[in-house]
Structures are given as structure tokens and as C-alpha cells.
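Here is how the chains run, residue by residue.
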Amino acid sequence: MAHPTLVRDTVAFRDGPLSLCLRSVDMWSVLPGRTATVVASGVDLGRLSMEAIDQLPLHCTDRLRFFALGLNPENLQESRRLFPEFAPLLNALEFHRKFHDDRVDAGVYWGDPRRNVFRVRGKADIVLVEVGDLDANVTLGTQDYLNRIARLLAPHGVLISTCSSFAFRGALLRVGLTVGPGSAEIPGGGTVAVRRPEI
């Protein structure tokens, strides 16, 4: 059974934090005309994930491959409340673990994100880490997990997170990423990191 097509270009997401972060690291020049891969890891599908699904297919990619890791289906209730326009996508991910329309292929792997990160094939242009409260979701901020996530990044890739704690940023530095410009674009604070240039 075919899933409905999402209505895109939600006004709330135009020039949102994800778009501003991507501009700050010049990702707009890399993505046009190609398939982009986004890996989202977190407690639920938050604002950055919804903005990626809404805006990337419109402005910078031929097609969007979107993988979500470590979600509990029950946590999608909050996403449905905050983003009702994405109910078709969220329902499909909760009950079928996948969603397809003319521009987006999305899938979710339920369970421990530390194990599920190995299920993603290929490299990611963008990795989103939406941890919420890091103290309550400590495994998503460990150096071991961030090392696994960092390995998914393509050479031009960017990691964007809603977390801005010193410990989180320190772990990113230890796994070979550089905390870059654009971190201030995320409401409530966040982090933008890129691969450290080879010297």
C-alpha cells in the first residue's frame, strides 16, 4: 500500500536552524542535484529531523535517504503533537518502520542505537544527534557511540546536535571532529561539527 506524499515547505521550517547550520559550513554547495543521506539519532524525531525531511528534498537534493536510530515507537507521540503535518510519515515509521514518497526514503531502526548504527550502509552527508536531556540519555553522548556515528560521516559531512555540553563537545573532539561555526543557530544551544582537516 502506497503511503501519502508529504506536504512540504512548511513555513515554520523555512530558514530554520538546520538550514542556517548547513549554510554556516557551506553544505548547500555540496548537496544540490544528488541524493543526500541523513542519519538521525535521538530520543524522538525532533525539530532538526523534521526540518531535514521538509526542506532538504526541496532545496538541495535529488532524493533524501533518511535513517533514524534508537527510537522507541512510544516517543513518536511527542513528535506527532509538535509536528501534526508529519502524521503520515510518523505513522508509517511507527507501524511499518519505513516511509517512501516521490522524494524521500525514510526508515527507522528501533532499539539500542549503539548496535543499530552498524545497520546503516554507506556514508552520511548529515548526522543529527537530538539527545534531549543528555543526563537522561547518556549513551547518546559517550565517546564510544559518537565514534561510531562519526565513522558514518562522508568527508564533506556535518554533525549537528541539539546538545552543547562541554562533555559532549569534548567527546566530538576526541573522535576527530572539529566543533565549527553555526552552533549558535540552534535554538537553546547546540553543536555543529565537521571532520578535522587532514594536515
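Residues numbered from 1 in each chain as written. Predicted model: local features only at pLDDT ≥ 70, side-chain atom pairs only at ≥ 80, totals over all residues. Heavy atoms only, no water.

*Asks:* Even after reading the chapter, I still don't get the overall build of the protein, so can you show me in this structure?
*Replies:* Across its full length, the protein carries 7 helices and 8 strands. The 199 residues of the protein split such that 51% are buried. Considering only residue pairs separated by 6 or more positions, the protein has 77% of its internal contacts joining residues 24 or more positions apart. Put simply, the protein shows about 9100 Å² of open surface, and 54% of that area lies on carbon and sulfur atoms. (Helix = DSSP H or I, 4+ residues; strand = E, 2+ residues; numbered from the N terminus. Buried < 20%, exposed > 50% of the residue type's maximum accessible area, 1.4 Å probe, protein only. Contact = heavy atoms within 4.5 Å. Areas by Shrake-Rupley, 256 points an atom, 1.4 Å probe, with all protein chains shown as cover.)

*Asks:* Where do I start with the pairing of strand E5 (residues 124-130) in this structure?
*Replies:* Remark: a regular strand shows side chains that alternate across the two faces of the sheet. Most of E5 sits inside the fold, with 7 of its 7 residues counted as buried. With 5 bridges connecting them, strand E1 (residues 35-42) and E5 associate as parallel partners. Across the sheet, Ala-40 pairs through a bridge with Leu-128, a residue of E5. (Pairing = 2+ DSSP bridges.)

*Asks:* In this structure, what is going on with helix H7 (residues 166-174)? I would like to understand it.
*Replies:* An α-helix turns once per 3.6 residues; consequently, residues spaced three or four apart project the same way. What H7 keeps buried is the set Phe-168, Gly-170, Ala-171 and Leu-172. Contacts made by the buried residues of H7 are with E5, helix H6 (143-152), strand E6 (153-161), strand E7 (177-179) and strand E8 (191-195). Note on H7: the residue one or two positions beyond its end, Gly-176, has a positive phi of about 95°.

*Asks:* I would appreciate a short explanation of the pattern of salt bridges in the present structure.
*Replies:* Oppositely charged side chains can pair when the atoms bearing their charge come close. Going through the model one piece at a time under the given rule, you end up with 6 salt bridges. Ionic pairing is found between Glu-94 and Arg-80, a salt bridge with its closest N-O pair at 2.1 Å. Of the two residues, Glu-94 sits in helix H4 (residues 87-96) while Arg-80 sits in helix H3 (residues 76-82), which places them 14 residues apart along the sequence. Here the two residues Glu-94 and Arg-80 agree in accessibility, since each one is buried. Connected through salt bridges with shared partners, the residues Asp-112, Arg-114 and Arg-115 form a single ionic network. (Salt bridge = Lys/Arg side-chain N within 4 Å of Asp/Glu carboxyl O.)

*Asks:* Help me understand the nonpolar core in this model?
*Replies:* Most often, soluble globular proteins have nonpolar side chains that are buried together. One finds Phe-66, Ile-126, Leu-128 and Ile-160 to be the most contacted residues of the largest nonpolar core, which totals 36 residues. Looking at which element gives the most residues to this core, the answer is helix H2 (residues 47-59), with 5 residues. In this structure Ile-126 touches Leu-22, Met-27, Leu-31, Thr-37, Val-38, Val-39, Leu-56 and Val-158, once residues within four positions along its chain are discounted. Judged by nonpolar contacts, the second largest core, of 25 residues, contains Val-120, Val-127, Val-131 and Ile-149. (Core = buried A, V, L, I, M, F, W, Y, C linked by side-chain atoms within 4.5 Å.)

*Asks:* I keep staring at helix H1 (residues 17-24) and nothing clicks. Help me out?
*Replies:* Taken residue by residue, H1 has Pro-17, Leu-18, Ser-19, Cys-21 and Leu-22 as its buried positions. Lining the buried residues of H1 we find H2, E5, E6 and E8.

*Asks:* How should unusual backbone geometry be read in this particular structure?
*Replies:* Among all residues except glycine, the phi angle is most often negative; among peptide bonds, the trans geometry is most common. At Arg-97, a residue that is not glycine, the phi angle is positive and equals roughly 65°. Mapped onto the fold, Arg-97 is located in the loop between H4 and strand E3 (98-100). The exposure class assigned to Arg-97 is partly exposed, which follows from its relative accessible area of 48%.

*Asks:* Sorry, what's going on with the packing of aromatic side chains here?
*Replies:* The way to describe two aromatic rings as a pair is by their centre distance and the angle between their planes. Counted by the stated rule, this structure contains 1 aromatic pair. With centroids separated by 6.5 Å and ring planes inclined at 5°, the aromatic side chains of Phe-67 and Tyr-109 adopt a geometry described as stacked. Taken together, the residues Phe-67 in strand E2 (residues 63-71) and Tyr-109 in strand E4 (residues 104-110) connect sequence positions 42 residues apart. (Phe/Tyr/Trp six-rings, centres within 6.5 Å; stacked < 30°, edge-to-face > 60°.)

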